[in-house]
Amino acid sequence: MPKSGMPSGALALLILRVLHSGPLHGYAIAQRIHMLSSEVLEVEEGSLYPALQKLLLKGWASAEWGISETNRKVRFYRLTTAGQKQLEAEIREYERVNHAIQSVLRTA
């Protein structure tokens, strides 16, 4: 589990969103999430790679072997058409739930 206390399911959403910008290998995905979150979110290998495997099994991402910028053999993950649709659905659901939580916080 990510160190930040990330809500369940958020990691898949974040991975899908990061892959929306283009193919990346696992370490680059974790680094991008960390950087874009102003270094608040830290994704550990123990949660990243199982999440990536689930995305592959669900058909939301595809992977192919390639060479990294450090000249290592790595797997590059790419968002599929089904993954794009899932990302859109997950963003809508996140916004719906976030709006509901914000309503409670403002009015309770």
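What you see is a predicted model, and the numbers here were worked out from it, not measured in a lab.

A.B. asks: Help me understand the pattern of salt bridges in this model?
C.D. replies: Pairing between side chains becomes possible if they bear opposite charge and their charged atoms approach one another. By the definition in use, this model includes one salt bridge. Arg96 is the partner of Glu93 in a salt bridge, and the nearest nitrogen-oxygen pair spans 2.7 Å. Of the two residues, Glu93 and Arg96 both sit in helix α4 (residues 81-107), three residues apart, roughly one turn of that helix. According to the relative accessible area criterion, Arg96 is exposed, its value standing at 53%.

A.B. asks: Where do I start with the packing of helix α1 (residues 10-20) against helix α3 (residues 45-58) in this structure?
C.D. replies: What describes two packed helices is the angle between their axes and the distance between those same axes. Following both chains from N to C, one finds α1 and α3 inclined at 70 degrees, their axes separated by 10 Å at the closest point. If you check the angle between α1 and α3, you find them roughly perpendicular. Counted together, Leu11, Ala12, Ile15 and Leu16 of α1 and Ser47, Leu48, Ala51, Leu52 and Leu55 of α3 form the full contact between these two elements. Of the residues that constitute the contact of α1 with α3, the class distribution is eight nonpolar, one polar and no charged.

A.B. asks: How should I be thinking about the environment of Val74 in this particular structure?
C.D. replies: You can see Val74 is positioned in strand β3 (residues 73-79). In this structure, the C-alpha to C-alpha distance between Val74 and Met6, residues 68 residues apart in sequence, is 26 Å.

A.B. asks: How should the sheet that holds strand β2 (residues 61-67) be read in this particular structure?
C.D. replies: Strands sit in the order β1-β3-β2 across an open sheet of three strands; the sheet is antiparallel. Of all strands in the sheet, those with a lone pairing partner are β1 (24-25) and β2, marking the two edges. Strand direction decides the pairing type here: β1 and β3, joined by two bridges, are antiparallel. Residue Leu24 lies in a different strand from β3, and its bridge partner there is Tyr77. Here α1 sits on the sheet in contact with β1, β2 and β3, set at roughly 95 degrees to β3.

Rules of the game
- Residues numbered from 1 in each chain as written.
- Predicted model: local features only at pLDDT ≥ 70, side-chain atom pairs only at ≥ 80, totals over all residues.
- Heavy atoms only, no water.
- Salt bridge = Lys/Arg side-chain N within 4 Å of Asp/Glu carboxyl O.
- Helix = DSSP H or I, 4+ residues; strand = E, 2+ residues; numbered from the N terminus.
- Buried < 20%, exposed > 50% of the residue type's maximum accessible area, 1.4 Å probe, protein only.
- Axes fitted to C-alpha atoms, helices over the stretch in contact; angles between N-to-C directions.
- Parallel < 35°, antiparallel > 145°, perpendicular 65-115°, else oblique.
- Contact = heavy atoms within 4.5 Å.
- Nonpolar A, V, L, I, M, F, W, Y, C, P; charged D, E, K, R; others polar.
- Pairing = 2+ DSSP bridges.

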